[in-house]
Amino acid sequence: QKEVEQNSGPLSVPEGAIASLNCTYSDRGSQSFFWYRQYSGKSPELIMSIYSNGDKEDGRFTAQLNKASQYVSLLIRDSQPSDSATYLCAVNRANAGKSTFGDGTTLTVKP
Amino acid sequence: AAGVIQSPRHLIKEKRETATLKCYPIPRHDTVYWYQQGPGQDPQFLISFYEKMQSDKGSIPDRFSAQQFSDYHSELNMSSLELGDSALYFCASSFGTGGSSSPLHFGNGTRLTVT
């Protein structure tokens, strides 16, 4: 079992719809959770970070964390074609000097 | 704002050759990470440095070595290159306490092709 698992893609949604991306992690000691967006051939860029249970909203993006279920998700509202990319879930353990990434979910938003 | 700078952007080497990748972190960031990303794969952690000391080690082959210098820049040295080493190599930096709660800021990567 991978330390960080994401829902298998690719995911395709129509423009204006809500895209839902899911991620589970195996280490209960995990403390910090991040979503990165990566366009093909480019470097990952941070979309959201979340550290405590509940929801965190930033514009059209909402991250949700449930540590009891070891689950973190990213919702993208009013999806735009420019949101088409691979979304990477990353998890940090306490006092760990690295982030562990999931395999990524490729999202396509169709005009 | 200054970002993480990696060089070179592209590198072509032959099997059994040696390559050196360089990374300049964001100013005042004290932690540097190296990741390898193969085609269609997620980034795989290689190694990290906090305040010039190795802080964590991942799936880095013994043929690879890295260090962080007094000016906080880092170099990844790769020897006896194999075809399977062809990948995008990302450097990332973060600030504070080894980065346990800090997000990563990635450079644009070095695309290494081994022929």
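Please refer to the structure higher up on the page.
Since this is a predicted model, take the numbers as computed values, not measurements. (Residues numbered from 1 in each chain as written. Chains lettered and ligands numbered in written order. Predicted model: local features only at pLDDT ≥ 70, side-chain atom pairs only at ≥ 80, totals over all residues. Heavy atoms only, no water.)

*Asks:* It is not clear to me how the state of the cysteines should be interpreted in this structure. Could you clarify?
*Replies:* Residue and element names in this part refer to chain A. Under the counting rule described, the total for this entry stands at two disulfides over all chains. Covalent S-S linkage joins C23 and C89, the inter-sulfur distance amounting to 2.1 Å. Sign of the S-S torsion, about -70° for the bond between C23 and C89, identifies this disulfide as left-handed. With C23 in strand β3 (residues 19-25) and C89 in strand β9 (residues 85-93), this residue pair connects regions lying 66 residues apart in the sequence. For the pair C23 and C89, one class covers both residues: buried. (Disulfide = S-S within 2.5 Å. Helix = DSSP H or I, 4+ residues; strand = E, 2+ residues; numbered from the N terminus. Buried < 20%, exposed > 50% of the residue type's maximum accessible area, 1.4 Å probe, protein only.)

*Asks:* Would you take a moment to explain the interface of chain B and chain A for this structure?
*Replies:* Interface size is commonly expressed as the accessible surface area that is lost when the partners come together. If you look at the interface, chain B gives 22 residues, while chain A gives 23 residues. Summing both partners gives a buried area of about 1,600 Å² for chain B against chain A, and 52% of it is carried by carbon and sulfur. One can count one salt bridge joining chain B with chain A. For the salt bridge of D42(B) with K2(A), the shortest nitrogen-to-oxygen distance reads 3.5 Å. Linking chain B with chain A are five residue pairs in polar contact (both at pLDDT 80 or more). Listed by contribution, the elements that provide at least two residues to the side of chain B that touches chain A are β4 (31-37), β5 (44-50), β6 (53-57) and β9 (87-94) of chain B. Sort the elements by how many residues they give to the side of chain B that touches chain A and β4(B) lands first, with three residues. Residue composition of the side of chain B that touches chain A, by class: nine nonpolar, ten polar and three charged. (Contact = heavy atoms within 4.5 Å. Buried area = accessible area lost by both parts, 1.4 Å probe. Salt bridge = Lys/Arg side-chain N within 4 Å of Asp/Glu carboxyl O. Polar contact = N/O pair within 3.5 Å; in protein donor to acceptor, adjacent residues only side chain to side chain. Nonpolar A, V, L, I, M, F, W, Y, C, P; charged D, E, K, R; others polar.)

*Asks:* Explanation requested: the pattern of salt bridges in the structure shown.
*Replies:* It is possible for side chains of opposite charge to pair when their charged atoms get near one another. Inspection of every chain in the model, using the stated rule, returns nine salt bridges over all chains. Here K2(A) ties to D103(A) by a salt bridge, and the two come within 2.4 Å at their closest N and O atoms. Note that K2(A) is positioned in the segment before β1 (4-6) and D103(A) in the loop between β10 (100-101) and β11 (105-110), a separation of 101 residues in sequence. A residue is classified by how much of its surface remains accessible, and K2(A), at 31% relative accessible area, is partly exposed. Between R63(B) and E82(B) there is a salt bridge, with the nearest N and O atoms lying 3.4 Å from each other. With R63(B) in the loop between β6 and β7 (64-68) and E82(B) in the loop between β8 (74-78) and β9, this pair connects stretches of sequence that are 19 residues apart.

*Asks:* Can you walk me through the side chain of S30(A) in this structure?
*Replies:* Residues and elements named next belong to chain A. As for its placement among the helices and strands, S30 is situated in strand β4 (residues 30-38). Side-chain polar atoms of S30 contact the backbone oxygen of D27, separated by 2.8 Å. Apart from residues lying up to four places away in sequence, S30 is in contact with Y25, K67, V91, N92 and R93.

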